[in-house]
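# Commentary on secondary and tertiary structure
Chain residues, written in single-letter form:
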Number of protein chains: 2
Amino acid sequence: MAVYTDVSEPQLAEFIGAYDIGELLSYKGIAEGVENSNFLLRTTAGTYILTLYEKRVNRSDLPFFVGLMEHLAERGLSCPLPVHTRGGESLGELSGRPAAIFTFLEGMWTRRPAPQHCRAVGAALAGMHGKAADFPLHRRNGLAVADWRPLFESCGDRVDGIEAGLAAEIGAELDFVEANWPADLPKGVIHADLFPDNVFFLSGELSGLIDFYFACNDLLAYDLAIAVCAWCFEQDGSFNITKGRALIGGYASVRPLSAAELVALPVLCRGAALRFLLTRLYDWLTVPDDSFVTKKDPMEYLGKLRFHRSVKSVSDYGYDDERVTA
Amino acid sequence: MAVYTDVSEPQLAEFIGAYDIGELLSYKGIAEGVENSNFLLRTTAGTYILTLYEKRVNRSDLPFFVGLMEHLAERGLSCPLPVHTRGGESLGELSGRPAAIFTFLEGMWTRRPAPQHCRAVGAALAGMHGKAADFPLHRRNGLAVADWRPLFESCGDRVDGIEAGLAAEIGAELDFVEANWPADLPKGVIHADLFPDNVFFLSGELSGLIDFYFACNDLLAYDLAIAVCAWCFEQDGSFNITKGRALIGGYASVRPLSAAELVALPVLCRGAALRFLLTRLYDWLTVPDDSFVTKKDPMEYLGKLRFHRSVKSVSDYGYDDERVTA
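What counts and how
- Residues numbered from 1 in each chain as written.
- Chains lettered and ligands numbered in written order.
- Predicted model: local features only at pLDDT ≥ 70, side-chain atom pairs only at ≥ 80, totals over all residues.
- Heavy atoms only, no water.
- UniProt positions renumbered as here; feature names shortened; annotations may be inferred.
- Contact = heavy atoms within 4.5 Å.
- Buried area = accessible area lost by both parts, 1.4 Å probe.
- Salt bridge = Lys/Arg side-chain N within 4 Å of Asp/Glu carboxyl O.
- Polar contact = N/O pair within 3.5 Å; in protein donor to acceptor, adjacent residues only side chain to side chain.
- Helix = DSSP H or I, 4+ residues; strand = E, 2+ residues; numbered from the N terminus.
- Axes fitted to C-alpha atoms, helices over the stretch in contact; angles between N-to-C directions.
- Parallel < 35°, antiparallel > 145°, perpendicular 65-115°, else oblique.
- Left-handed = near helix turned anticlockwise from the far one by under 90°.
- Nonpolar A, V, L, I, M, F, W, Y, C, P; charged D, E, K, R; others polar.
- Expected span 1.5 Å × (residues − 1).
- Buried < 20%, exposed > 50% of the residue type's maximum accessible area, 1.4 Å probe, protein only.
- Disulfide = S-S within 2.5 Å.
- Pairing = 2+ DSSP bridges.
- Least-squares fit on C-alpha atoms with pLDDT ≥ 70 in both.
- Phe/Tyr/Trp six-rings, centres within 6.5 Å; stacked < 30°, edge-to-face > 60°.
- Lys NZ or Arg CZ within 6 Å of the ring centre and 35° of its normal.

Taking an unreviewed UniProt entry as the reference, chain A is identified by name as Homoserine kinase belonging to Aurantimonas manganoxydans. Looking at the Sequence similarities (unreviewed entry) heading of the UniProt record, one finds this comment for chain A: "Belongs to the pseudomonas-type ThrB family."

Below, the structure written as structure tokens:
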């Protein structure tokens, strides 16, 4: 939950004055998003989300993020649409922070994803990849495969304090993933954080995607691997093969996967699990306990990593394709 | 900020099914209220607040709180109105917590109160006291003058670690306040927590009062003393006599204060400052740092207490009345 920066009513009223969105009626800090401060805004014209970008977000990345949402929304993807000022700006400044106003997206994220949710998420992710194909801006993935070893090294020597042998296990995994990472798969703009709390549903239908603040250019199938990690495991840590089949099948129904992508999926999933294991490990070991950041258990992703290491082919994810699982 | 208990969409949809408020469109945890979990709810019928009552709130007090809001709203006070289920209930259960739905109140709390805000708050507080006069339920003030010494004792022996001599100063203040506490002033239902974040304004006008979860039966003028502490000091700790005059004058314009109440106001203000000093001190010394509860600096209230100790009569608050300041 996150409201790091407060806003006073006169400041906000002045900020809103630059937009054609009516008069301010109320605003509430909302417990959504980890990186930024978000407010639900009500005006005489409707309901909006106000986002204040905090230090964790690089200012120079904002045109990419906001531009991408606008690009995707224009192409029919349901996501928050940046509202422009009368002067045509979609980024301003409020309380000393870069700030933007977005249309409000109805719908709710699902705390208990079922296979039909996974299928819809897979299809939406592939749809996003297609709609982003002609997005002109580029953003390097700051958490790409090459960044994981330095991130691991910055965790210091307390890793084995969490579990004996963990440092060696991660080191070996880094060796494997770096050596086997596919180089020539289709690339494009990926969401890179499509967890259940970033996907809204309404009456059982997917109503939109939010939180594009990790979006970047990388392998498209790696985005699918992140989603496999995020959607297809049960609370007890076991992999749900029905959900895997639904998610991958949903994706492939919109954007067919090449044989090379299917072959690479297990190593991409190992990479995805490692990426979240490492960022959680880093936060676990370095973020002070009294911080506003809610620390998530890194061990959840160690379990997922070990499962992916046991996978022989995509058929272990429930997805059968005669090209690779004949 | 506070969302202690999460709610899943199927649970919430089922809960809402008992009300005539349409179909669920979205809900967001909001950073409002310290004691409970609050969600902003949007349905096809409108916008509402959903409150889940956490452990800090005694279940047996809920009929008092919810009944009071209903009583006050029926008499024209602008405050959240509990919505009834089709069966006529205003309290239910959700995620293992007592829960209620309220109408949404437009408006914003003011981060920088000006004298005109103070005048409006005084008048609204007096209005609330009048409208609550025939409320039939009763709730003992759990933080009344008799409760302060046990609360102080439960802070243990680390008080002087915050400031040398603090324990002796508080002890002497308790002696004074207990010996001089007025017994025969008008009593009634008080808000007991009318801080700026519990009063909404819209276009400069007071649009409503919220958060009645400290409301109880006590001296009416003590509620005014709490508001003096909450509204009339500047960020640098100095008392703003113009705001004092506006707040007390606003109150007296709606409910005239007796001479005895005016004479007692300085000791009531000392008590109010002591009450918030002690609860903050207790939280400061006992609540773990990684708790969700945002700990507030107790020393702010020590400064206020010292100011009130220097006050000779209500004229030092900016309020002149020939009966007591001739």
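## Quick word on the interface of chain A and chain B
Each partner contributes residues to the interface: chain A has 29 residues there, and chain B has 29 residues. Between chain A and chain B lies a buried interface of about 2700 Å² when both sides are counted; carbon and sulfur atoms form 60% of it. Joining chain A to chain B, the criterion identifies four salt bridges. With a closest N to O distance of 2.9 Å, B:Asp6 and A:Arg111 form a salt bridge. Our count for the contact surface shared by chain A and chain B stands at 16 residue pairs in polar contact (both at pLDDT 80 or more). Those elements that place two or more of their residues in the side of chain A that touches chain B are strand E1 (24–29), strand E2 (37–43), strand E6 (108–109) and strand E8 (199–202) of chain A. If one sorts the elements of the side of chain A that touches chain B by residue count, E1(A) sits on top with six residues.

## Comments concerning the packing of helix H4 (residues 145–153) of chain A against helix H8 (residues 259–286) of chain A
Residue and element names in this part refer to chain A. Direction vectors running N to C along H4 and H8 enclose 30 degrees, while the axes themselves pass 10 Å from each other. Taken together, the axes of H4 and H8 are roughly parallel relative to one another. Like other packed secondary-structure pairs, H4 and H8 cross with a definite hand, here left-handed. Together, Trp148, Leu151 and Phe152 of H4 and Gly271, Leu274, Arg275, Leu278, Thr279 and Tyr282 of H8 make up the contact between the two elements. Grouping the constituent residues of the contact of H4 with H8 by class yields six nonpolar, two polar and one charged.

## A look at helix H7 (residues 241–254) of chain A
All names here are of chain A. If you check H7, its first and last C-alpha atoms are 20 Å apart, about what 14 residues at 1.5 Å a residue would give, namely 20 Å. Taken as a whole, H7 has its buried residues at Lys243, Gly244, Ala246, Leu247, Ile248, Gly249, Gly250, Tyr251 and Ala252. Two or three places before Thr242, at the start of H7, stands the capping residue Asn240, its side-chain oxygen 3.0 Å from that residue's backbone nitrogen.

## Some remarks on the state of the cysteines
Residues and elements named next belong to chain A. Applying the stated criterion to the full structure yields zero disulfides over all chains. This cysteine, Cys79, is not joined by any disulfide, and Cys216 carries the nearest cysteine sulfur, 16 Å off. Looking at Cys79, the relative accessible area reads 5%, which means it is buried. Here Cys155 stays unpaired: no disulfide links it, and the sulfur of Cys229, its closest cysteine neighbor, is 18 Å away.

## Some remarks on the sheet that holds strand E1 (residues 24–29) of chain B
All names here are of chain B. A sheet is described by the order of its strands in space; here five strands give the open sequence E1-E2-E3-E5-E4, paired in antiparallel fashion. Sheet topology places E1 and strand E4 (92–94) at the edges, where each strand pairs with a single neighbour. Taken pair by pair, the neighbouring strands of this sheet meet at an average axis angle of 35 degrees, ignoring direction. Bridging between E1 and strand E2 (residues 37–43) involves five bridges; their strand directions are antiparallel. In the strand pairing of E2, Tyr27 is matched with Leu41.

## So, the relation of the copies chain A and chain B
In screw terms, the move from chain A to chain B is a rotation of 180 degrees and a rise of 0.0 Å along the axis, fitting with an RMSD of 0.0 Å. The relationship between the two copies is best expressed as a two-fold rotation axis.

## Here we look at the packing of aromatic side chains
Tallied over the entire structure, the rule returns 32 aromatic pairs over all chains. Both rings, one in A:Tyr53 and one in A:Tyr213, keep their centres 5.3 Å apart while their planes meet at 70 degrees; by these two values the pair is edge-to-face. Pair noted here: A:Tyr53 is in the loop between strand E3 (46–52) and helix H2 (62–74) and A:Tyr213 is in the loop between strand E9 (205–209) and strand E10 (216–219), with a separation of 160 residues, a long-range link. Each member of the pair A:Tyr53 and A:Tyr213 is classed as buried. Three or more aromatic residues joined by ring pairs make a cluster, and in this case those are A:Tyr53, A:Phe64, A:Phe65, A:Phe135 and A:Tyr213. Between B:Arg111 and the ring centre of B:Trp109, over which it is positioned, the NZ or CZ distance is 3.8 Å. Over the face of the ring belonging to B:Phe276 we find B:Arg275, whose NZ or CZ atom lies 3.8 Å from the ring centre.

## Side note on the pairing of strand E9 (residues 205–209) of chain B
All names here are of chain B. Pairing of strand E8 (residues 199–202) with E9, which is carried by four bridges, proceeds in the antiparallel orientation. Along E9, the bridge assignment pairs Phe200 with Gly208. The turn joining E8 and E9, which pair antiparallel and follow one another in sequence, is formed by two residues; a positive phi near 50 degrees is taken by Ser203.

## Here we look at the sheet that holds E6(A)
Residues and elements named next belong to chain A. Spatially, the three strands line up as an open sheet ordered E6-E8-E9, and their pairing is antiparallel. The sheet terminates laterally at E6 and E9, the two strands that pair on one side only. Here E6 runs beside E8; their pairing, made up of two bridges, is antiparallel. By the bridge assignment, Trp109 is partnered in E8 with Phe200.

## Observations regarding helix H2 (residues 62–74) of chain B
Residues and elements named next belong to chain B. The end-to-end C-alpha separation of H2 is 18 Å, in line with the 18 Å expected for 13 residues at 1.5 Å each. Restricting attention to buried positions, one finds in H2 the residues Leu62, Phe64, Phe65, Val66, Leu68, Met69, Glu70, His71 and Leu72. Buried residues along H2 sit against strand E5 (97–103), helix H3 (115–131), strand E7 (187–190) and strand E10 (216–219). Backbone geometry just after H2 places Gly76 at a positive phi near 95 degrees.

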